[in-house]
Amino acid sequence: MDAVNPATGEQFAEYTEDDYADVEATLETAIETFESWRERPLREREELLAAAGDVLRENKRRYAELMTKEMGKPISQAVAEVEKCAWACDHYAEHASAYLEADHHPSPPGTSVKTVHDPLGPVLAVMPWNFPFWQVIRFAAPYLTAGNVGLLKHASNVPGCAMALKEVFREAGYPEGVFQTLLVGSSKVEDVLTDNRVRAATLTGSGPAGRAVAETAGKHLKKTVLELGGSDPFVVLDDADLGRAVETGVQARTQNGGQSCIAAKRFIVHEAVYDEFVDRFVDEFESLTVGDPMSEATDVGPQADPDLMAQLHDQVEASVKAGATVLTGGDPLDREGAFYPPTVLTDVPKGCPADAEETFGPVAAVYEVADETEAIELANDTRFGLGASLWTDDRKRGQRLAREIDAGCVYINEMTKSDPRVPFGGIKDSGYGRELSEAGIKEFVNWKTVWVQ
Ligand code: NDP
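In this numbering scheme, every chain counts its residues from 1 along its sequence in written order. Per-residue local features are limited, in this predicted model, to residues with pLDDT of at least 70; the limit for side-chain atom pairs, both in listing and counting, is 80 or more; totals at the level of whole chains, interfaces and linings are taken over all residues. Only heavy atoms go into the side-chain values, all of them from the structure, while hydrogens and water stay out.

- The name an unreviewed UniProt entry gives the protein is Succinate-semialdehyde dehydrogenase / glutarate-semialdehyde dehydrogenase, with Natrinema hispanicum as the organism.
- UniProt positions are given in the numbering used here, feature names are shortened, and annotations may be inferred rather than shown by experiment. The Sequence similarities (unreviewed entry) field of the UniProt record for the protein holds the comment "Belongs to the aldehyde dehydrogenase family."

Shown next, in the form of structure tokens:
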């Protein structure tokens, strides 16, 4: 497995893929460790997680540089990602006991009935490269603390991050088999998932990858959580604070090079403010600094991989061919590395790639609508349903409209984001299940009813 810097094309490290014997040893260690790990008092598991948070904070800069080198994220955003990971560790270290407390139920006379939450066993996590630390900590912090053990199959282009995450848990003092990495490509996932020792799986990534994992898991009756990306609407109504909407919209579309499942992708703007919104939005896009991701001044680094950039450009070209207008950007930059400019499209026809597919890069599709009814119809006119952002000065109006949007979350006057305190996940083709918060930690536990007569 090669680590290649997408800003330069330089291969800077090489990792040997795990062979059959390595995978076998990892699975055996996982199941053996699970038996003792599940018996560790929850308080001790919380303390270890708090220590993992400390390791992340202590090595923040080193981990951030590794992410930036492997997948091109601007360094300031990489540092923020490690800090967020430490926060998630702190969060579950503090709240796991309360989240996992037994639920008591109305009981028939003379009985006591409760539900306790036991761990399931080894959980396979198939993870993407776009937030190489955050996506992993998002599963590991709750699931390990609940008493499961984790098997990370990270994306093939971030093997260094996979190894660094293993180091985090080792340095924090976790027993060796609680968090392990499998350095394997996607073709090996089916074998691992069908193994009896693996009890459940979580995947963040594309629809095809999610479907493949769900199909295998379904055949073998293993529970899955899937987080599969989206085409999130960013709705700007006539009474919105335009300055904040533009500023936040630009960040929501371009942070992490636009490679985020919950990035705002379709900007749906009321006709009363459309012209002003578009002018200001394009100005802001053009003022972003695109360049060396190691520079603190950079807003948008390279795309994570030249092939993924080529796919993004194909989507833009096909959309333009179908009738979309390019207001800025639209062609890969003529320089070394996988650099794609922040791009704004208008007149986006229904069904073209920028409208119907997930665009995983800094490409915004902007639509004009006559009223809020049309805005909501367009927001829902997608096969995805991950997040949405809605802008209005009338909070009651915002809350009423939020109920009409088909998505896992709606943020009013704020960009869609994940937060350890609140549930995160989607509906429709964006997947199922929830991560983070109490909902997340209870996804991979056995809700065991205990009836005492
Ligand atoms: P993938 O979905 O292919 O990769 C994500 C993870 O799934 C990787 O670990 C990958 O392994 C694994 N994987 C891929 N195919 C399978 C399979 N058939 N069975 C089991 N595991 C599999 O994403 P890409 O990196 O190829 O990106 C393609 C598109 O996916 C993006 O343009 C974007 O639209 C979407 N995406 C969405 C993400 C999100 O946050 N929701 C994150 C990343 C991508 P390996 O790397 O070894 O192939």
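Quick word on the packing of aromatic side chains
No. 1: Planes of paired rings set the category: under 30 degrees apart is stacked, over 60 is edge-to-face and the rest tilted, where pairs are Phe, Tyr or Trp rings (Trp by its six-membered ring) whose centres lie within 6.5 Å. Per the stated rule, a full pass over the model turns up 15 aromatic pairs.
No. 2: For the pair F234 and F267, a centre-to-centre distance of 5.0 Å together with 45° between the ring planes defines the contact as tilted. Of this pair, F234 sits in strand β10 (residues 232-236) while F267 sits in strand β11 (residues 264-270), and the two are 33 residues apart along the sequence. Of the two residues, F234 and F267, both sit in the buried class.
No. 3: Each ring is checked for a lysine NZ or an arginine CZ that lies within 6 Å of its centre and within 35 degrees of its normal; such an atom marks a charge sitting over the ring. Across from the ring centre of F12, 4.4 Å away, lies the NZ or CZ of K69, which sits over that ring.
No. 4: Cation over ring: R335 sits above F339, and NZ or CZ is 3.9 Å from the ring centre. Strands are runs of DSSP state E lasting at least two residues, helices are runs of H or I lasting at least four, and both sets are numbered from the N terminus onward. Think of it in three bands: with a 1.4 Å probe and only protein chains considered, a residue is buried below 20% of the maximum accessible area for its type, exposed above 50%, and partly exposed in between.

Let's talk about the nonpolar core
No. 1: In these notes, a set of buried Ala, Val, Leu, Ile, Met, Phe, Trp, Tyr and Cys residues joined through side-chain atoms within 4.5 Å is what counts as a nonpolar core. Counting 84 residues, the largest nonpolar core has L56, L124, F133, I137, F139, Y174 and F179 as its most contacted members.
No. 2: Broken down by element, this core gets its largest block of residues, 13 residues, from helix α4 (residues 75-100).
No. 3: Segmentation into domains, and thus their bounds, comes from an automatic or database assignment. A domain split of this core shows at least three residues from each of domain 1 (2-228 + 428-452) and domain 2 (232-412).
No. 4: The contacts of Y174, once residues within four sequence positions are left out, are W37, R45, L48, L49, A52, L144 and F169.
No. 5: With 26 residues, the next largest nonpolar core counts V235, L237, A354 and L401 among its residues. Note on contacts: a residue pair is in contact if any heavy atoms of the two residues lie within 4.5 Å.

Brief notes about the confidence of the model for the protein
No. 1: Overall, the prediction assigns the protein a mean pLDDT of 98, with 100% of residues at 70 or greater.
No. 2: Both confidence scores are given for the complex: pTM 0.98, ipTM 0.96. pLDDT measures how confident the predictor is about each residue, on a scale from 0 to 100.

Thoughts on the packing of α4 against helix α5 (residues 134-145)
No. 1: Taken N-terminus to C-terminus, the directions of α4 and α5 make an angle of 20°; their axes are 9 Å apart at the nearest point. In this view, α4 runs roughly parallel relative to α5, as classed from their interaxial angle. By crossing handedness, the relation of α4 to α5 is classed as right-handed. Along its contact with α4, which presents E81, K84, C85, A88, C89, Y92, A96 and L100, the element α5 presents W134, I137, A141, P142 and T145.
No. 2: When residues are sorted by character, Ala, Val, Leu, Ile, Met, Phe, Trp, Tyr, Cys and Pro go into the nonpolar class, Asp, Glu, Lys and Arg into the charged class, and all the rest, Gly among them, into the polar class. Residues that form the contact of α4 with α5 fall into these classes: 10 nonpolar, one polar and two charged. The axes are straight lines fitted to the C-alpha atoms, using for helices just the contacting stretch, and the angles between their N-to-C directions are given from 0 to 180°. Angle categories are assigned with fixed cut-offs, so that under 35 degrees is roughly parallel, over 145 is roughly antiparallel, 65 to 115 is roughly perpendicular, and the rest are oblique. The hand of a helix crossing depends on one turn: near helix anticlockwise from the far one by less than a right angle means left-handed, and clockwise means right-handed.

What to know about empty space enclosed by the protein
No. 1: We place a 1 Å grid over just the protein atoms. Points where a 1.4 Å probe fits but has no way out form a cavity, open points with protein on both sides within 12 Å along at least 5 of 7 lines form a pocket, and any residue with an atom within 4 Å of a point lines it. Grid points are joined across faces, edges and corners, and a volume is the space filled by probe spheres set on the points. Tallying each qualifying case throughout the model produces two cavities of 30 Å³ or more.
No. 2: Roughly 50 Å³ of volume is contained in the largest cavity.
No. 3: Forming the walls of the largest cavity are 15 residues, and the residues nearest its centre are P233, F384, G385, G387 and D406.
No. 4: Mapped by element, the contributors of at least two residues to the lining of the largest cavity are β10, α13 (372-380) and β15 (387-391).
No. 5: In terms of residue class, the lining of the largest cavity is made up of seven nonpolar, five polar and three charged.
No. 6: Each pocket or cavity is described by its volume, and for the second largest cavity that value is around 40 Å³.
No. 7: Grouping the constituent residues of the lining of the second largest cavity by class yields eight nonpolar, two polar and no charged.

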